[in-house]
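Now for the letters of each chain:
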2 protein chains.
Amino acid sequence: MSGRVCVVGLGPGDARHLTPAAADALGEARHLVGYGPYLARVAARKDQVVHPSDNREELHRARHALALAAQGETVALVSSGDAGVFAMAATLFEALEDAGGADVEIEVIPGVTAMTAAAARIGAPLGHDFCALSLSDNLKPWETVLARLRAAAEADFVIALYNPASRARPWQLGEALELLRGVRAGDTPVVFATAVSRPEEEIVVVKLAEARAEMADMRTLVIVGSSATRSLPRAGGGAWVYTPRKAAVPA
Amino acid sequence: MSGRVCVVGLGPGDARHLTPAAADALGEARHLVGYGPYLARVAARKDQVVHPSDNREELHRARHALALAAQGETVALVSSGDAGVFAMAATLFEALEDAGGADVEIEVIPGVTAMTAAAARIGAPLGHDFCALSLSDNLKPWETVLARLRAAAEADFVIALYNPASRARPWQLGEALELLRGVRAGDTPVVFATAVSRPEEEIVVVKLAEARAEMADMRTLVIVGSSATRSLPRAGGGAWVYTPRKAAVPA
């Protein structure tokens, strides 16, 4: 009897952004597999088995989910944000390919990803063409990261940076910002959105010239504006950041 | 007395992907403003006023929402997908800037955007760095679209194409695919995801060499793989498409 793995995106944090489809998938699973702090967001029932694991163990976690399903179990493999954006869905298919396939039902449930959640809190910075780029060089050479960043900046995409910093990767964001300062104007708005929709949420907008790597940690999503991105005063104080639909033509 | 505009993303179609935050915002509004077919997805109560408008009238619609709120009304300005991705949030801030500001409370509620919904149905094609690009040349020169497309392709991003085609824009996707065939391998997977999560959903995967503009209409989201994107057989028939986290280094 073959089982089932459902890869579930929890959204950015607050349960108000968890879709009914995701909530149903969590409820139907007998096993909940994922990174510990993400599983801690799920109110597991007593009849559910929770399998928390460490951050760096993605592939092991995906194999574990497939192995449980191959035994006939129903598994929710949990990600933050959207499961398909720098998260567990790609890892699950890597594990599936490595195993030469598996007689297991697989479903991916989409969620609200960090960049759209962050964008909504500050206005509409992703209002025109944009890229999502992971700054982690754990799985790709740093030169590839820089080449993509340069291409995106020169083509005037808004750029969302996932995984901008961690204790093990403290210098990458600084180098990325240096590169961007060589391409984009110094007054380009940069949004540092940390822990969006969670109680400790903090959103800081600075000009590119003043952006510093220390403004981000592993809970932060960074959005770098295009040449058209602008800032507006917000009624009640603070600023909105948005990118108009009629984007500027790159020089 | 100042009112409130809440820009709400409905998700791709099925109410199972509508977040509780979005549902609450719809429920709290006295006025529902949006493109007619999107408003038709909302079960309005008798005490709510529905203001459907035509597809091309985004800016007028945003001004209308602001005007109602300036009169003290509570308005939900409705988008499909995520409100901040090629949708009404940017338009609202354009209207706000044009008006020189407004004493109105504004909130943007994120949603599941078309590309992550489409990706989830076919596997994890957005599993690594990706771009979202609108193929519409209504608001930017076609040369800008092509320049961005070329930059994204050469830097080996996965590419999600929004607004690939409509009756008024029948030839743009064909030209875009021609450009991509000059940069990416002919066997690169291309996903045509139409009406995702709706009853008429249709998802077609072809090789780039075989991709044709006629495979898309205005309900379609197109995802073009990177050099690392691959296809796997799906238990039960069909294929999965995914991009591994360890992306290929561009040549």
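Residues numbered from 1 in each chain as written. Chains lettered and ligands numbered in written order. Predicted model: local features only at pLDDT ≥ 70, side-chain atom pairs only at ≥ 80, totals over all residues. Heavy atoms only, no water.

A. Examining the overall build of chain A more closely. Secondary structure summary: chain A contains seven helices and 13 strands in total. Overall, the C-alpha framework of chain A stretches about 60 × 40 × 35 Å when taken along its three principal axes. Burial analysis of chain A (251 residues in total) assigns 58% to the buried set. Considering only contacts in chain A between residues 6 or more positions apart, those separated by 24 or more positions represent 68%. Put simply, chain A shows about 9,600 Å² of open surface, and 50% of that area lies on carbon and sulfur atoms. Positive and negative side-chain charges in chain A, numbering 25 and 29 respectively, have mean positions lying 6 Å apart. (Helix = DSSP H or I, 4+ residues; strand = E, 2+ residues; numbered from the N terminus. Buried < 20%, exposed > 50% of the residue type's maximum accessible area, 1.4 Å probe, protein only. Contact = heavy atoms within 4.5 Å. Areas by Shrake-Rupley, 256 points an atom, 1.4 Å probe, with all protein chains shown as cover. Lys, Arg positive; Asp, Glu negative; His and termini not counted. Charge placed at Lys NZ, Arg CZ, Asp CG, Glu CD.)

B. The arrangement of the interface of chain B and chain A in detail. Chain B puts 67 residues into the contact, and the matching count from chain A is 67 residues. A combined buried area of about 5,800 Å² lies between chain B and chain A, and 63% of that area is made up of carbon and sulfur atoms. Three residues stand out in chain B for area buried against chain A, namely B:L139, B:R148 and B:R245, and they jointly supply 14% of the buried area on that side. Summed over the shared surface of chain B and chain A, the result is 12 salt bridges. Linking chain B to chain A there are 21 residue pairs in polar contact (both at pLDDT 80 or more). Classifying every residue of the side of chain B that touches chain A gives 41 nonpolar, 12 polar and 14 charged. One ladder, built from three bridges, connects strand β7 (residues 130-134) of chain A with strand β7 (residues 130-134) of chain B; its direction is antiparallel. Following the sheet pairing, A:C131 is matched in β7(B) by B:C131. (Buried area = accessible area lost by both parts, 1.4 Å probe. Salt bridge = Lys/Arg side-chain N within 4 Å of Asp/Glu carboxyl O. Polar contact = N/O pair within 3.5 Å; in protein donor to acceptor, adjacent residues only side chain to side chain. Nonpolar A, V, L, I, M, F, W, Y, C, P; charged D, E, K, R; others polar. Pairing = 2+ DSSP bridges.)

C. Seen up close, the relation of the copies chain B and chain A. Rotating chain B by 180° and translating it 0.0 Å along the rotation axis places it on chain A, where the RMSD comes to 0.0 Å. In short, the pair behaves as if placed about a two-fold rotation axis. Most of the interface of chain B is mirrored in chain A, where 100% of its interface residues are also at the interface. (Least-squares fit on C-alpha atoms with pLDDT ≥ 70 in both.)

D. Local environment of the environment of B:P52. Here B:P52 lies in strand β3 (residues 49-53). The sequence separation of B:P52 and B:V241 amounts to 189 residues, and the corresponding C-alpha distance is 37 Å.

E. Structural view of the sheet that holds strand β12 (residues 230-233) of chain B. Taken in spatial order, the three strands make up an open sheet running β6-β13-β12 (chain B), and their pairing is mixed. Among the strands making up the open sheet, the edge pair consists of β6 (123-124) and β12 of chain B. Lying on the sheet, helix α4 (residues 88-98) of chain A is in contact with β6, β12 and β13 (239-242) of chain B; it crosses β13(B) at an angle near 125°. (Axes fitted to C-alpha atoms, helices over the stretch in contact; angles between N-to-C directions.)

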